[in-house]
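# Residue-level structure breakdown
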Amino acid sequence: MGQRENFRNFQALLETHINFAEIAAWGPCSKRPILIIGAANVITGKLAKFNSRLMPIRVEHILASCAVPNIFPAVRIGEDAFWDGLFSDNPPVKELIQPTEMGEANLPEEIWLIKINPTRSKSVPERSADILDRRNQLEGNISLFQQLRHLEMLNDMLLIDAFRPKFLAQFDIKAPIRIPKSFSTDADKPYHIPCIEMSGEFQDTLDYASKIDRSAANIDRLIAEGEKSALAFLSERSQGAPASG
């Protein structure tokens, strides 16, 4: 029962493989890769970001970001309770261009987006499970697309030199170095965000139940598809072709 219990208890599974006490001992650190986790505060209705540069990541932060309503209970952190970041920033994007969030040395020249929910649906869902699944997809994509539209507007204004560094500094934004054409397929855009997405054929094999299927067979095929999509993405990027998505 000891090993199998870890698979039923997500916190126990995380703590088996991650030493959170060691992470806490590190304290905030800008020299390591930075992890930003989003969650929605159920009580205040505000968005929450747990940033490893500003605070040690705790197991509660990860559990909060995974607390999908109707599947997992809200996660208590102090006086607050949190649900999945699906309702907030999914995933956090705008923080990646802010020096106070990332640190000057960590500001990216390009952001890669791994997209797990399809944008389009082949048909209108009619069964309750299919309706719930499509609703979940739309909720996640809407928050994502809102952030991308924000960066798109910022790109357009940077291109026409609408901002000065002193003005951008008021909003904790720093205009990035232009991406070399040898690396970017869209070098005219200061912030280029190519998308890594699973194939449509594979998406059609996934339903709502597959989201909570922890069987080895399902996890293995998801990993295999992820590796396939990543290799295709890197191949396209190396050839200078537009990345899919």
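Everything numeric here is computed off the predicted structure, so don't read it as measured data.

For the protein, the helix and strand inventory stands at 9 helices and 6 strands. Among the 245 residues that make up the protein, the fraction classed as buried is 36%. Considering only intrachain contacts with a sequence separation of at least 6, the fraction spanning at least 24 residues in the protein is 63%. Accessible surface for the protein amounts to roughly 15200 Å². Of this, 58% is attributable to carbon and sulfur atoms.

Let us now look at the sheet that holds strand 2 (residues 47-51). In spatial order, the strands read 2-1-4-3; together these 4 strands make up an open sheet with antiparallel pairing. Each end of this open sheet is capped by a strand with a single partner; those strands are strand 2 and strand 3 (75-77). Between one strand axis and the next, the sheet turns through 45 degrees on average, direction left out of account. Taken together, the 3 bridges between strand 3 and strand 4 (residues 80-84) define a ladder with antiparallel strand orientation. Residue Arg 76 lies in a different strand from strand 4, and its bridge partner there is Ala 81.

For any pair of aromatic rings, geometry is given as the distance between the ring centres together with the angle between the planes. Counted under the stated rule, the structure contains 2 aromatic pairs. Between Trp 112 and Phe 233, the aromatic rings sit 4.9 Å apart at their centres with planes inclined by 75 degrees, giving edge-to-face as the arrangement. Within this pair, whereas Trp 112 is found in the loop between helix 5 (99-102) and strand 5 (113-115), its partner Phe 233 is found in helix 9 (residues 216-238), the two being separated by 121 residues in sequence. Taking relative accessible area as the criterion, Phe 233 reaches 3% and is therefore assigned buried.

Turning our eyes to something else, we now look at the nonpolar core. Judged by nonpolar contacts, the single largest core of 16 residues is most densely connected at Phe 50, Ala 64 and Phe 82. Listed by contribution, the elements that provide at least two residues to this core are helix 3 (20-26), strand 1 (36-41), strand 2, helix 4 (59-65) and strand 3. Of all the elements, helix 4 adds the most residues to this core, at 4 residues. The residues contacting Ala 64, other than those within four sequence positions of it, are Ala 39, Phe 50, Val 75, Ile 77, Phe 82, Trp 83 and Asp 84. One finds Val 93, Ile 111, Leu 151 and Leu 158 within the second-largest nonpolar core, a separate group that totals 9 residues.

What follows concerns the pattern of salt bridges. What the rule picks out here adds up to 5 salt bridges. With its nearest N and O atoms 3.4 Å apart, the salt bridge here joins Glu 197 to Lys 115. Of this pair, Glu 197 sits in strand 6 (residues 195-197) while Lys 115 is found in strand 5, placing the two residues 82 residues apart along the sequence. Lys 115 gets classed as buried once you look at its relative accessible area, which sits at 7%. A salt bridge links Arg 127 to Asp 130; the shortest N-O distance between them is 2.9 Å. Take Arg 127: its relative accessible area is 59%, and that puts it in the exposed class.

Here helix 9 is 23 residues long and its end C-alpha atoms lie 33 Å apart, about the 33 Å a rise of 1.5 Å per residue gives. Within helix 9 the residues assigned to the buried category are Asn 218, Glu 225, Ser 229, Phe 233 and Arg 237.

The next thing to look at is the side chain of His 61. Along the chain, His 61 falls in helix 4. When residues no more than four places from it in sequence are discounted, the contact partners of His 61 are Ile 37, Phe 50, Met 55, Pro 56 and Ile 77.

Before going further, it helps to examine a nonpolar patch on the surface. A cluster of nonpolar side chains, contributed by Val 42, Ile 43 and Trp 83, occupies part of the molecular surface with about 250 Å² of accessible area. Judged by its relative accessible area of 34%, Val 42 is partly exposed.

For the rest of this paragraph, the subject is the pairing of strand 1. Counting buried residues along strand 1, 6 of its 6 residues qualify, which places the element largely inside the surrounding structure. Alternating positions in strand 1 separate into two faces, Ile 36, Gly 38 and Ala 40 on one and Ile 37, Ala 39 and Asn 41 on the other, with burial throughout. Where strand 1 and strand 2 come together, 5 bridges link them in antiparallel fashion. In the sheet register, Ala 40 faces strand 2, and the bridge partner there is Leu 47.

Our next topic: the pairing of strand 4. In the sheet, strand 1 pairs with strand 4 via 3 bridges, with the strands oriented antiparallel. Among the inter-strand pairings, Ala 39 is bridged to a residue of strand 4, identified as Asp 84. If you look at the hairpin formed by strand 3 and strand 4, you'll find 2 residues sitting between the two strands, and Gly 78 has a positive phi there, around 65 degrees.

The rules behind the values
- Residues numbered from 1 in each chain as written.
- Predicted model: local features only at pLDDT ≥ 70, side-chain atom pairs only at ≥ 80, totals over all residues.
- Heavy atoms only, no water.
- Helix = DSSP H or I, 4+ residues; strand = E, 2+ residues; numbered from the N terminus.
- Buried < 20%, exposed > 50% of the residue type's maximum accessible area, 1.4 Å probe, protein only.
- Contact = heavy atoms within 4.5 Å.
- Areas by Shrake-Rupley, 256 points an atom, 1.4 Å probe, with all protein chains shown as cover.
- Pairing = 2+ DSSP bridges.
- Axes fitted to C-alpha atoms, helices over the stretch in contact; angles between N-to-C directions.
- Phe/Tyr/Trp six-rings, centres within 6.5 Å; stacked < 30°, edge-to-face > 60°.
- Core = buried A, V, L, I, M, F, W, Y, C linked by side-chain atoms within 4.5 Å.
- Salt bridge = Lys/Arg side-chain N within 4 Å of Asp/Glu carboxyl O.
- Expected span 1.5 Å × (residues − 1).
- Patch = residues over 30% accessible without salt bridge, like charges linked within 9 Å, V, L, I, M, F, W, Y side chains within 5 Å.

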